[in-house]
Amino acid sequence: MYRIRFHGRGGQGMKTASRILGTAFFLEGLEVQDAPRYGAECRGAPIFAYVRASRSPINERGIIRCPDLVIIADDSLVTVPAAGVLAGVTDQTFMLVSTSEKAVTWSHRLNFAGSILTLPTPVEITDRMELRFVGATCAGAAARLCGIITSATLEQAVREELTGLPSSVIERNLEKALEGYTLMAEHEGCIKEKAMLSAEQYEVPEWINLPFEKASISAPVIHSSLTSELMPTGLWRTMRPVIDREHCKKCWWICSTSCPDGAIDIDADNNPQIDYEHCKGCLTCVTVCPSHAIQAIPEHKNPTSEETGS
Amino acid sequence: MTRKLLTGNGAAAWGARLAVVDYIPAFPITPQTEIIENLENWIDNEQMPARMVTLESEHSMITAAGAAAATGVRVFSATSSQGLLYAMEMLYTVAGWRAPFVLVNVSRGLSAPITLEPDHNDIMAARDSGFLQIHCADCQEVLDSVLIAYRLGEDERVRLPVIVNLDGFYLSFTREPVEIPDPQAVAHFLPPYDPENIRFRASTPISQAVAVLGGTPYSYFRYESHLAAQKALEVYDEITAEFAEEFGRPREALESYRTEDAEYLFFQIGSFATKAREAVDRLRESGWAIGLLRPRLFRPLPEKHIRQALAGKKGVAVIDQNLAAGRGGVLYSELASVLFGHANMPGILTSFIGGLGGRDISTEEYFEMAMVTRQAVTDGEAPSPRLLYTETELREVQKLQAIANMERIELGAKP
Ligand code: SF4
Ligand code: SF4
């Protein structure tokens with residue numbers, strides 16, 4: 001069985017990458033299972049997706065614990081523990097990193113004895129969302145590494161998975177997928193079908209008896225004042241509410257009490273102030289303001305997003 | 001017939017489309033929403049002649065489903081977790097109306113704490129409601145089960161609503177190859193619904209919900225529902241025999257995987273049971289006589305089939321992906337009551353709770369459950385029920401507790 005795991009951020013096309021690879025395997029006549037796994041469903045949050053492919057029906061299910069190939073579309077994830085990029089990695093694992101650095105640098109940095117391959121990216125990437133075609137590149141590279149997918153099949157898989165998108169987008173993805181495919185030419189077939197686990201010798205699970213603990217310890221209590229304030233949830237926003245002071249009548253309560261995130265404070269002069277660190281951009285305030293004083297502006301068009309750190 | 005990659009949600013939607021349903025009351029909830037989105041899309045593009053209505057809650061959604069079913073049309077709906085529980089009052093009510101429809105539940109653990117990932121506490125909460133229950137192990141089975149569920153619920157001997165259950169994430173968002181049967185073949189297996197005397201009309205009011213006092217009529221109606229649910233077993237066997245003939249896939253009430261010569265068995269429902277299958281294959285390679293029993297049909301529970309399959313076996317490892325607080329695993333209690341007092345039944349049942357809130361169960365853990373069960377047979381005594389939980393996991397939780405504790409102190413609590 002082939003076991004492949006893709007890691008990236010929401011918006012970088014990891015689900016699509018896994019589906020392109022899954023469909024390519026399927027078109028080559030293999031049994032396939034592919035699935036994304038999300039945490040927070042938003043742009044920028046770590047997500048991963050996985051693909052199993054085999055000549056016989058697949059009974060394994062769920063997250064791949066010990067992948068043969070780990071693909072890291074965004075190297076900034078390596079240091080994010082929640083992303084679990086290195087989970088189940090052994091010295092038998094291949095890692096394919098989209099990075100501006102060298103493979104040896106990553107080997108050293110991770111103290112990793114397995115093989116590292118790289119997909120070079122331009123050095124100066126400021127906005128990681130520029131990497132939105134990286135998924136296609138990764139899918140193409142993975143297809144080549146497995147050695148049993150032809151470029152014609154890869155092309156068909158890309159077209160099938162992107163059906164319905166504008167043809168310019170499909171062509172761009174196709175170009176990127178084939179670029180990844182070509183880059184991996186010299187490593188073609190390095191990912192082999194791995195045998196199944198043996199029941200003769202296996203790692204015995206270190207089960208424990210869960211100890212009884214009093215409710216003062218074991219109740220799931222979250223203290224919002226310290227956790228949510230420190231968490232800049234404003235990163236989720238795609239639309240930004242902006243108050244037009246000329247039109248604001250300082251009614252002082254409508255927008256602030258309507259905000260589901262408590263992100264609008266009223267200052268001493270009755271001016272509403274939006275806390276962009278925590279505003280999620282739901283635009284409730286825009287809807288409720290009777291003076292139509294709040295506008296919605298696409299986040300990427302906002303000139304001040306750098307300064308406000310959001 | 002086409003074979004393509006579909007998610008469990010996609011397969012459920014295809015089931016509804018091929019069943020040519022008339023009416024779909026809907027309310028969104030993760031991880032079920034994709035089912036409704038698929039159907040909505042097909043309806044918009046005139047690929048499906050159904051009417052969809054979005055309701056303001058699951059409670060209303062199930063009421064609408066039952067009411068529409070009472071007019072004699074074919075109804076489909078879907079929900080998950082908190083949504084199913086919010087509809088609980090109406091689940092019992094509409095089942096009592098004896099107007100059949102199909103509800104897909106995408107299993108997800110219940111709050112609190114809240115999660116998106118699967119376990120079976122939601123569907124277990126509905127086990128006594130009067131809905132029949134079919135549990136799926138893979139995406140193909142989801143599509144097939146929706147078709148079978150309509151035949152089953154609409155059968156004149158049954159006339160009860162049916163829940164088709166699939167696990168969130170492990171099936172709902174997982175693509176697998178699925179055969180989509182030809183509409184003509186489906187129409188042959190599942191002809192248009194003949195509602196007999198079910199015919200509720202606005203202009204001719206009747207009551208589906210009469211008040212009865214004194215207990216005598218009440219007992220009659222409730223027990224008749226129970227008898228219908230029991231009758232459904234024999235009807236299910238007939239229908240799946242026809243299904244196998246039409247589509248070549250046996251969908252027996254009880255899946256028996258490599259059980260013939262087995263001494264030990266895993267007993268489990270849902271998609272995690274495919275992991276048990278995998279473990280069975282591996283264990284057999286190293287000489288174990290072991291198999292898997294998986295009830296597809298959970299309501300009614302195929303008791304006779306289970307006893308037949310377990311006659312002469314030594315030990316059963318029961319894996320519950322649910323937890324009845326203060327009691328333990330639901331499947332374990334159910335199996336014990338099925339076996340008790342019958343001759344030649346296995347003397348040892350071991351009980352494992354695992355996969356709560358989407359917690360994975362590894363192949364190694366299946367190996368170990370087999371070992372524990374074999375040891376229990378040797379000792380002649382079953383160990384206490386076990387939660388599948390490792391030392392590493394406890395350390396992870398203790399780390400979170402340490403942080404929470406620091407916060408409590410900062411907030412002025414006594415350490
Ligand atoms: S609701 Fe509108 S008018 Fe009132 S304080 Fe907010 S922005 Fe100003
Ligand atoms: S957009 Fe939503 S979250 Fe942001 S300030 Fe307005 S109401 Fe609050």
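Figured I'd write up the structure that's included with this text. (Residues numbered from 1 in each chain as written. Chains lettered and ligands numbered in written order. Predicted model: local features only at pLDDT ≥ 70, side-chain atom pairs only at ≥ 80, totals over all residues. Heavy atoms only, no water.)

### Focus: the overall build of chain A
Here's step 1: When helices and strands are tallied, chain A shows 9 helices and 10 strands.
Here's step 2: Excluding contacts between residues fewer than 6 apart, the proportion of contacts in chain A whose partners are at least 24 apart in sequence is 68%.
Here's step 3: Surface exposure of chain A reaches about 15,900 Å², of which carbon and sulfur atoms provide 54%. (Helix = DSSP H or I, 4+ residues; strand = E, 2+ residues; numbered from the N terminus. Contact = heavy atoms within 4.5 Å. Areas by Shrake-Rupley, 256 points an atom, 1.4 Å probe, with all protein chains shown as cover.)

### Quick notes on helix H13 (residues 363–379) of chain B
Residue and element names in this part refer to chain B.
Here's step 1: The end-to-end C-alpha separation of H13 is 25 Å, in line with the 24 Å expected for 17 residues at 1.5 Å each.
Here's step 2: Within the sequence span of H13, burial applies to Thr-363, Glu-365, Tyr-366, Phe-367, Glu-368, Met-369, Ala-370, Thr-373 and Ala-376.
Here's step 3: Packed against the buried residues of H13 are strand E10 (264–267), helix H10 (273–285), strand E11 (290–295), strand E13 (315–320) and strand E14 (348–353).
Here's step 4: Positive phi appears at Gly-380, one or two residues downstream of H13, with a value of about 70°. (Expected span 1.5 Å × (residues − 1). Buried < 20%, exposed > 50% of the residue type's maximum accessible area, 1.4 Å probe, protein only.)

### Quick look at the site of ligand 1
Here's step 1: Inspection of the region around ligand 1 gives Cys-248, Lys-249, Lys-250, Cys-251, Trp-252, Ile-254, Cys-255, Pro-272, Cys-289, Pro-290, Ser-291 and Ile-294 of chain A as its neighbouring residues.
Here's step 2: When its residues are assigned to classes, the shell around ligand 1 shows 9 nonpolar, 1 polar and 2 charged. (Near = heavy atom within 4 Å. Nonpolar A, V, L, I, M, F, W, Y, C, P; charged D, E, K, R; others polar.)

### Some remarks on the site of ligand 2
Here's step 1: The environment of ligand 2 is made up of Pro-241, Cys-259, Pro-260, Ile-264, Ile-274, Cys-279, Lys-280, Gly-281, Cys-282, Leu-283, Thr-284 and Cys-285 of chain A.
Here's step 2: Classifying every residue of the shell around ligand 2 gives 9 nonpolar, 2 polar and 1 charged.

### Points about the interface of chain B and chain A
Here's step 1: In this complex, chain B contributes 52 residues to the contact, which on the side of chain A involves 45 residues.
Here's step 2: When chain B packs against chain A, close to 4,300 Å² is buried across both sides, 54% of that on carbon and sulfur atoms.
Here's step 3: Seen at the junction of chain B and chain A, the total is 6 salt bridges.
Here's step 4: For Arg-3 of chain B, the salt bridge is made with Glu-31 of chain A, and the minimal N-O distance between the two is 2.9 Å.
Here's step 5: One can count 22 residue pairs in polar contact (both at pLDDT 80 or more) joining chain B with chain A.
Here's step 6: Elements supplying a minimum of two residues to the side of chain B that touches chain A: strand E1 (2–7), strand E8 (175–180), H10, H13, strand E15 (386–387) and helix H14 (391–410) of chain B.
Here's step 7: In terms of residue class, the side of chain B that touches chain A is made up of 20 nonpolar, 11 polar and 21 charged. (Buried area = accessible area lost by both parts, 1.4 Å probe. Salt bridge = Lys/Arg side-chain N within 4 Å of Asp/Glu carboxyl O. Polar contact = N/O pair within 3.5 Å; in protein donor to acceptor, adjacent residues only side chain to side chain.)

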